[in-house]
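An overview of the molecular structure
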Amino acid sequence: MDLVEEFIARYTKEYDFYEQAGRLAAQELESTLQAAGIRSIVTYRAKSRDRLREKCRQRERKRGGYQSVEEIFNDIVDLAGIRVALYFPAEQKQVDGIVKRLFNAFEVKEFPEGGIRPTKRFSGYAATHYRVQLKEQELSEADKRYSLARIEIQVASVLMHAWAEVEHDLVYKPLAGTLSEDELAILDQLNGLVLAGEIALERLQRAGEVRVASSGRGFANHYDLAVHLLSQVPDRLDRPVKEEGLGRVDLLFDLLAQLGVDTPNQLSPYLTALHDDLERRPLAEQVIDALLAEDASRYKAYQQIREQRRGSLYGSTPEPSDTAALVGNFLMSWAELERLFREIGPSLGLKRFMMPTGQLLRNKDLLPLDMSIDYDALRQMRNHLVHGIEPADPEGLMDASRRVKRITEVVTDQLRGGFNEKAD
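Residues numbered from 1 in each chain as written. Predicted model: local features only at pLDDT ≥ 70, side-chain atom pairs only at ≥ 80, totals over all residues. Heavy atoms only, no water.

Turning to the packing of helix 6 (residues 181-214) against helix 7 (residues 222-232), a few remarks are in order. Orientation of helix 6 relative to helix 7, taken along the N-to-C sense of each, is 95°, at an axis distance of 9 Å. Between helix 6 and helix 7, the crossing angle belongs to the class labelled roughly perpendicular. Contact with helix 6, carried on its side by Gln205, Gly208, Glu209, Arg211, Val212 and Ala213, involves Asp224, Val227, His228 and Ser231 of helix 7 and no other residues of that element. Of the residues contributing to the contact of helix 6 with helix 7, the split by class is three nonpolar, four polar and three charged. (Axes fitted to C-alpha atoms, helices over the stretch in contact; angles between N-to-C directions. Helix = DSSP H or I, 4+ residues; strand = E, 2+ residues; numbered from the N terminus. Parallel < 35°, antiparallel > 145°, perpendicular 65-115°, else oblique. Contact = heavy atoms within 4.5 Å. Nonpolar A, V, L, I, M, F, W, Y, C, P; charged D, E, K, R; others polar.)

What follows is the structure, given as structure tokens:
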């Protein structure tokens, strides 16, 4: 048995491993894209044995041979593969940020790599390929081994993916000889139509932004809401959206619908809370926090929305009633602190709905050093609880509620005695 056949035999035994790695990555990516309001089709596969054998033979001839089976494994990077077909090509920036947050990305490749080939009038295949691995710390104990698998993620428009599949099968795997010049010219012409189609999709997306922004009707779905957020934030933030992402737009949409704040005009005041100087968090989380800060009773409604969404996506069960009660007590204590800071926010130089940092409270002589550090830790704990970043710790919730109340008391006492209003 030569090295390629030995490699294929080993891959056959490990096929299920790569299939499962691709499935886990695709599920995580698809649910995140959907929650962020990015329209796409996500598919995955482990490379078929027949196609893999053919690819190995081609690369073997090109390289002049392999020296070991391990060398073949290192050379073939797409044993597990995922395709993300975007409805709107302009959303590639948001997908880029999501991929880099969800996975350990060790290589990114942009296509086309060079200029237009002499025989083609158009640029050909346009996409971004990521070579990634699942993050071990995000996997269950039973699934941690899949973090060793290298996975290729291909991101392009739905039109480009379709054209690339046709070109690949006809040009590189012809059933009856090499394609004629006329056939290649037709493929090139189709490529031009695809590129024109992508321009049309971008115009369609912009037209949708105008429609949503100018309409007095409520957002039809969280995809409309995502489009609106993307159209509104460039003038409000100093850095591209892709660096922090939109986050769980689906949860924000559900909350807006329940509160009756579901039109662009009604949402506008809460967008003033968007910021990039205090903490790097997804935009949807920032808007949700602004809504919750306005009325403490909304915490309970939002927790119910989050549990419903989590259950529909993953079939998970709600937290036990005793843990839910402890979470509720902590969040009510935090809401009282939020109310206090909302009242004095202008005196602290804060925008509406914004919470101060521990350093700001220390600079204003509202908290001593140890309490300001504890405040930042409690603030992070609150964010994790509200936005479901990590499960609640029942043992620490009761103590956390006590610490929040103590901070509220100290700040209140300091305010009664006057505080330092000098600039930071």
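So, about the sheet that holds strand 5 (residues 151-157). Strand order in the open sheet made by the five strands is 1-2-5-4-3, with mixed pairing throughout. In this open sheet, the two strands that pair with only one neighbour each are strand 1 (40-46) and strand 3 (103-111). Each adjacent strand pair in this sheet contributes to an overall mean axis angle of 20°, direction not counted. Two strands pair when backbone bridges link them, and strand 2 (residues 80-86) and strand 5 are joined in this way by seven bridges, in the parallel orientation. Bridging across to strand 5, Leu86 finds its partner in Ser157. Running at roughly 165° to strand 1, helix 1 (residues 3-35) makes contact with strand 1, strand 2, strand 3, strand 4 (127-134) and strand 5 of the sheet. (Pairing = 2+ DSSP bridges.)

For the rest of this paragraph, the subject is the packing of aromatic side chains. In the structure shown here, the tally under the stated rule is nine aromatic pairs. Taken together, a centroid distance of 4.6 Å and an interplanar angle of 75° make the contact between Phe7 and Phe73 edge-to-face. Of this pair, Phe7 sits in helix 1 while Phe73 sits in helix 3 (residues 69-75); the two residues are 66 residues apart in sequence, bridging distant segments of the chain. Accessibility expressed as a relative area gives 5% for Phe73, which makes it buried. (Phe/Tyr/Trp six-rings, centres within 6.5 Å; stacked < 30°, edge-to-face > 60°. Buried < 20%, exposed > 50% of the residue type's maximum accessible area, 1.4 Å probe, protein only.)

A complete count under the given rule lists 28 salt bridges for this structure. For Glu14, the salt bridge goes to Arg10, with nearest N and O atoms at 3.2 Å. With Glu14 and Arg10 both in helix 1, this residue pair falls four residues apart, about one helical turn. The class of Glu14 is partly exposed, set by a relative accessible area of 25%. Take Arg10: its relative accessible area is 31%, and that puts it in the partly exposed class. Of the charged contacts in the structure, one is a salt bridge between Asp96 and Lys100, with a shortest N-O distance of 3.3 Å. With Asp96 and Lys100 both in helix 4 (residues 92-102), this residue pair falls four residues apart, about one helical turn. Owing to a relative accessible area of 44%, Lys100 belongs among the partly exposed residues under this scheme. (Salt bridge = Lys/Arg side-chain N within 4 Å of Asp/Glu carboxyl O.)

Attention shifts here to helix 8 (residues 249-259). Residue pairs spaced three or four apart in an α-helix point in one direction, given the helix's 3.6 residues per turn. Counting buried positions over the 11 residues of helix 8 gives eight, a clear majority of the element. Looking at helix 8, one finds that the buried residues are Val249, Asp250, Leu251, Leu252, Phe253, Asp254, Leu255 and Leu256. Phi for Gly260, located one or two positions after helix 8, is positive at around 75°.

A few words on the environment of Glu336. With respect to the element layout, Glu336 can be found in helix 12 (residues 321-348). Residues Glu336 and Lys405, spaced 69 residues apart in sequence, show a C-alpha to C-alpha distance of 8.4 Å. In terms of polar contacts, Glu336 uses its side chain to reach the side chain of Arg339, at 2.6 Å. (Polar contact = N/O pair within 3.5 Å; in protein donor to acceptor, adjacent residues only side chain to side chain.)

Before going further, it helps to examine the nonpolar core. Buried together is how nonpolar side chains tend to be arranged in soluble globular proteins. By size, the foremost hydrophobic cluster in this structure holds 59 residues, and its most contacted members are Leu225, Leu252, Leu267 and Tyr375. The leading source of residues in this core is helix 12, at 11 residues. In terms of nonpolar packing, the next biggest core, distinct from the first, is built from 42 residues, Val4, Ile8, Tyr18 and Leu52 among them. (Core = buried A, V, L, I, M, F, W, Y, C linked by side-chain atoms within 4.5 Å.)

Attention now goes to a nonpolar patch on the surface. Together, Val166, Leu170, Val171 and Leu184 give the surface a local cluster of nonpolar side chains, amounting to about 280 Å² of exposed area. Looking at the nonpolar patch element by element, the count peaks at three residues for helix 5 (residues 158-172). Assignment of secondary structure puts Val166 in helix 5. (Patch = residues over 30% accessible without salt bridge, like charges linked within 9 Å, V, L, I, M, F, W, Y side chains within 5 Å. Areas by Shrake-Rupley, 256 points an atom, 1.4 Å probe, with all protein chains shown as cover.)

Turning our attention to the environment of Thr408. With respect to the element layout, Thr408 can be found in helix 15 (residues 394-416). Assessed through its relative accessible area of 12%, Thr408 is described here as buried. Taking C-alpha positions, Thr408 is 9.3 Å from Glu338, a pair spaced 70 residues apart along the chain. What Thr408 contacts, discounting residues up to four positions off in sequence, is Glu336, Leu337 and Leu340.

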